[in-house]
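Read off the chains here:
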Amino acid sequence: MSEDLPYWSLPADEMLARLGSSASGLPEPEAAARLANEGPNVVRPQRDTTLLHLALRQFASPLVLILVVGAVISLFVHEWWDAVTILVILLGSAALGFAQEARASAAMARLRERLALTCRARRGGTVGTVPAASLVPGDIVELSAGNLVPADGVVLASRDFLVVESSLTGESLPVEKRPGQVPAGAPLRERANSVFLGSSVRSGTASVLVVRTGRRTAMGGVAARLAAPAPEGDFARGVRHFGELLLRVMLAVVVAVLVVNQWLGRPVIDSLLFAMALAVGLSPELLPAIVSVALSGGARRLNAAGVLVRRLEAIEDLGGMDVLCTDKTGTLTTGLMALEAAVDTEGAPSREVLQLACLNASFETGIENPMDVALVAASRDAGLTTAGWSKVDEIPYDFVRKRLTIVAQPMLAGGAEARHCMIVKGAAAPVLGICREVAQAGGRVPLTEALRQRLADDLRAHGERGVRVLALATREGPPLERYEVADETGLTLRGFLLFADPPKPEAADTLRALAARGVRVKILTGDNRHVAAHVGATLGLDPGRLLTGEAIAGLRDEALWHLAETTDLFVELEPAQKERIVRALQHRGHAVGYLGDGINDAPALHAADVGISVDQAVDVARESADLVLLRPDLALLLAGIVEGRRTFANTMKYIAITTSANFGNMVSMALVTPLLPFLPLTATQILLNNLLSDLPSLALSTDAVDEQHLQRAQRWDVHEVRRFMIAFGLTSSVFDLAAFALLMRGFEADAPLFHSAWFVLSLLTELAVVLVLRTRLPVWRSRPGALLVGATVAMALVALALPYVPPAARWFGLVPLAGSLLATMLVLVVAYALATEGVKHALAASARKAHPA
């Protein structure tokens, strides 16, 4: 079918014929053939990163390119040995990063497959669940509240079908879609018979004929806009600031060294290679691999624990979260609704009320919810069914009306037409608002203010027991062709449905554990204030710190900024108010997580620093989330927070330790270069030193983390990194200069001996400092991970052995060290480790004094 065809202007029957489809949908073989011809239904294919791409990415770093230039220069001036050595080190570093990132990429591909979007499609007359990516033109999909629209198409049948198209039209309010024809020239926002990929269903149901998929959709037409980079996250922003800091330091030191060497008349090529090696030596070039390993490892561990990660960086952001906003149903309560009673307006059990509720719940086709499941089960146990009744119409539930209407009629003998019965079930206040009278034992009476107050007192008493209450009202009347929201008026209140949803036994302990980790939990719910206050008090939250949606509507933003921090319970909320609360908390400097599973949660999930949903959530909520819990359990989230903080702590260990050690070596070489008749190390020795000292750092991603790092939220602080780098880098330089003096004055070392001794000393100090600075505690009170210890010891043995292994020694320009010299170097390593431990404690004391809290 031509892509220029205005399909929205054609009759539905003609569209079915043009697409070779029917009311039964496409046969499965035909759908498979079209998928092979049309391609998958995706705007931008999510290709798994190929091994070739991963390999090439290892050479995309500017620092690696500096090495490549150095190797080319060496080849140009016939320094074959230097060129080969640089390339070998370069390839070794690239292979290390490639191996780690390939493993991380494979893990994420498996997670993406697990989280693929599905939809309900009618094929061969049978409705089943299929991957959204497999839809083709001619398919018929069944949509209901909470679904994401999986392709562009026309509506074949609908029932109160409201769709949010803000991603395409900018209009935030839902628009109604129904069958029909629209003029060919109608703009997208006026095509009332069509739905589009990227929109979401707010309420109602519809059958939709798929017309365009993938890049041919309206959303595909704005793919260039979608390809724009995502907003920079907190962790990515920190990495960028850190890179800027390194660049400034590198430029200053390298230019200074290059100028001084030329002033001293050193060979240009040697000086240039030396300056390049210094630049590379300062950089933690394995940082991408370290971050990939840490995050993918965290994602695998969370997956095993029951948390699926949709956005890798969200693990770091989860560790930085200090406020969690959540609904109570299913997370803090069991979510297993049980009907406690169906009562009339005077509080007496009523079989008639239960029968009406059974009709409403059984005929409902919109949003699935545990209350309707409980009603159908209770009705079945009571011997009640829908027998003798037929459904006429439905006005689906939405989060503004907070009620669901079913229109039914009894089936009379002889085919006589019965009067229609409108059965409305929903939150008590909205239902009472459309009632005119109340059914009582003596008949129907007007809903007076006195009676309204008596009913409100009854509802409050139920709420204070933690019982959720739905009201049920009816109206009989002559048949209408179609029922609208405007028809929900003049009803008779018939009774109430009482549900029990007690708090989970472990919920209070989980909230206390979250508080101990520095995460404050706030309940955001549309439920009645009394029920929410009862649940909150049971869980240890302060019911006195409560704000209603009505009160929030009257608050200016400035007032909400203040109250949001001190309030534990936000109740009777409208959907838009949840997002407003999240933004108010963010304005006060909090990192906010939001846990939600409903249609009305999507805006807040988008706004939160970390959006969290559950596996059983509606599509629009799950697709908006960064993390998906396989079950609605805050204990899973607690494990995720701990994992996020562990991942962040280990990433920051690598950055802080490596940059401080490398900075110290750079400063030392920059200071001593003018004083020596030769370069302190050759370019290849600097690069080898850097590679060998980085190898154990890969094990930092699995290192043990001190409990104090897990107790509070962790965030990027470039100023702290700079302070750390300068303090420990200069400490390292003091010992380097002492070593220089000993080598030149005490041992009268020539160039090869000097290079060998300082290569061994520099590498051993860098390895020792990893074990000292990996913890803020005294080193003897924090046990490192076994892998880190093993890797560190292995590299230390390599450092000691290299000068004594002839082939390696010749290759890198090293010579054996005399016993007295080696012993002196080892003494300096021990002294340096003790001095570093002392500086660490001094810095910690200074930080405690500056920030007593």
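What you are looking at is a predicted structure, and each value in this text was computed from that prediction instead of being measured.

A. Representation of the overall build of the protein chain within the structure. The helix and strand tally for the protein chain stands at 30 helices and 23 strands. Out of the 853 residues in the protein chain, the part that is buried amounts to 53%. Nonlocal contacts in the protein chain, meaning residues at least 24 apart in sequence, comprise 73% of its contacts between residues at least 6 apart. Carbon and sulfur atoms make up 60% of the accessible area of the protein chain, which amounts to about 36,000 Å² in all.

B. Main features of the side chain of Asp703. Relative to the helices and strands, Asp703 is located in the loop between α24 (683-694) and α25 (707-710). Residue Asp703 is classed as buried on the basis of its relative accessible area, which comes to 2%. Here Arg774 takes part through its side chain, which lies 2.6 Å from a polar atom of the side chain of Asp703. Not counting chain neighbours up to four residues away, the residues in contact with Asp703 comprise Asn650, Lys653, Arg774, Pro784, Gly785 and Leu788.

C. Quick peek at the pattern of salt bridges. Enumeration over the complete set of coordinates arrives at 36 salt bridges. Arg512 serves as the salt-bridge partner of Asp509, at 2.2 Å between the closest nitrogen and oxygen. On the criterion of helical spacing, the pair formed by Asp509 and Arg512 is a turn pair, its members being three residues apart in helix α16 (residues 507-516). The class of Arg512 is exposed, set by a relative accessible area of 53%.

D. Region of the structure containing the nonpolar core. Core analysis: the largest hydrophobic core is formed by 58 residues, its most contacted members being Leu324 and Ile612. Residue contacts for Leu324: discarding those within four places in its chain leaves Val519, Arg520, Val521, Lys522, Gly593, Tyr594, Leu595, Ile612, Leu634 and Leu637. By size, the runner-up hydrophobic cluster in this structure holds 56 residues, among which are Leu761, Val769, Leu817 and Met825.

E. Broad picture of the pairing of strand β14 (residues 435-440). As judged from the three bridges shared by β14 and strand β17 (residues 491-500), these two strands associate in the parallel manner. Bridge pairing links Val438 to Leu493 in β17.

F. Structural detail: the packing of aromatic side chains. One pass over the full model with this rule turns up seven aromatic pairs. Relative to Tyr832, the ring of Phe735 lies with its centre 5.7 Å away and its plane at 65°, an arrangement referred to as edge-to-face. Of this pair, Phe735 sits in helix α26 (residues 718-746) while Tyr832 is found in helix α30 (residues 819-850), placing the two residues 97 residues apart along the sequence. Each residue in the set Phe678, Phe740, Phe754 and Trp758 is aromatic and connected to the rest through ring pairs, giving one cluster.

G. Summary view of the packing of helix α12 (residues 351-363) against helix α13 (residues 370-381). Two numbers describe how α12 lies on α13: the axes approach to 9 Å, and their chain directions differ by 130°. With respect to α13, the axis of α12 lies oblique. Pair α12 / α13 crosses with left-handed handedness. When α12 is examined against α13, the residues Leu354, Ala357, Cys358, Ala361 and Ser362 are found in contact with a partner set consisting of Asp372, Leu375, Val376, Ala378 and Ser379. Looking at the contact of α12 with α13 residue by residue, the classes come out as seven nonpolar, two polar and one charged.

What counts, and at which threshold
- Residue numbering note: each chain is counted from 1, following its sequence as written.
- The predicted nature of this model means local features are confined to residues of pLDDT at least 70 and side-chain atom pairs, given and counted, to a pLDDT of 80 or more, with totals for whole chains, interfaces and linings taken over all residues.
- Values reported for side chains reflect all heavy atoms of the structure, with hydrogen atoms and water molecules removed beforehand.
- A run of H or I in DSSP counts as a helix once it spans at least four residues, and a run of E counts as a strand once it spans at least two, with each numbered from the N terminus.
- Under the scheme applied here, a residue whose accessible area is under 20% of the maximum for its type counts as buried, over 50% as exposed, and between as partly exposed, the area being computed with a 1.4 Å probe on protein chains only.
- Two residues qualify as a contact provided that any one of their heavy atoms is within 4.5 Å of a heavy atom in the partner residue.
- We get accessible surface area from the Shrake-Rupley algorithm with a probe of 1.4 Å; when it comes to residues, only the shown protein chains can shield them.
- Polar contacts here mean pairs of N or O atoms no more than 3.5 Å apart (in protein, one a potential hydrogen donor and the other a potential acceptor; neighbouring residues in sequence count only if both atoms are side-chain atoms).
- When a carboxyl oxygen of Asp or Glu is within 4 Å of a side-chain nitrogen of Lys or Arg, the pair counts as a salt bridge.
- In this text, buried Ala, Val, Leu, Ile, Met, Phe, Trp, Tyr and Cys residues form a nonpolar core when linked through side-chain atoms within 4.5 Å.
- At least two DSSP bridges between two strands are needed for those strands to be called paired.
- For Phe, Tyr and Trp, rings pair up if their centres lie within 6.5 Å, where Trp contributes its six-membered ring, and each pair is then called stacked (planes under 30 degrees apart), edge-to-face (over 60) or tilted (otherwise).
- To define axes, lines are fitted to C-alpha atoms, for helices over the stretch in contact only, and angles between the resulting N-to-C directions are given on a 0 to 180 degree scale.
- In this scheme, roughly parallel covers angles under 35 degrees and roughly antiparallel covers those over 145, while 65 to 115 is roughly perpendicular and the rest are oblique.
- Each crossing gets its hand from how the near helix is turned against the far one by less than a right angle, where anticlockwise is left-handed and clockwise is right-handed.
- Nonpolar residues are Ala, Val, Leu, Ile, Met, Phe, Trp, Tyr, Cys and Pro. Charged residues are Asp, Glu, Lys and Arg, and all others, Gly as well, are polar.

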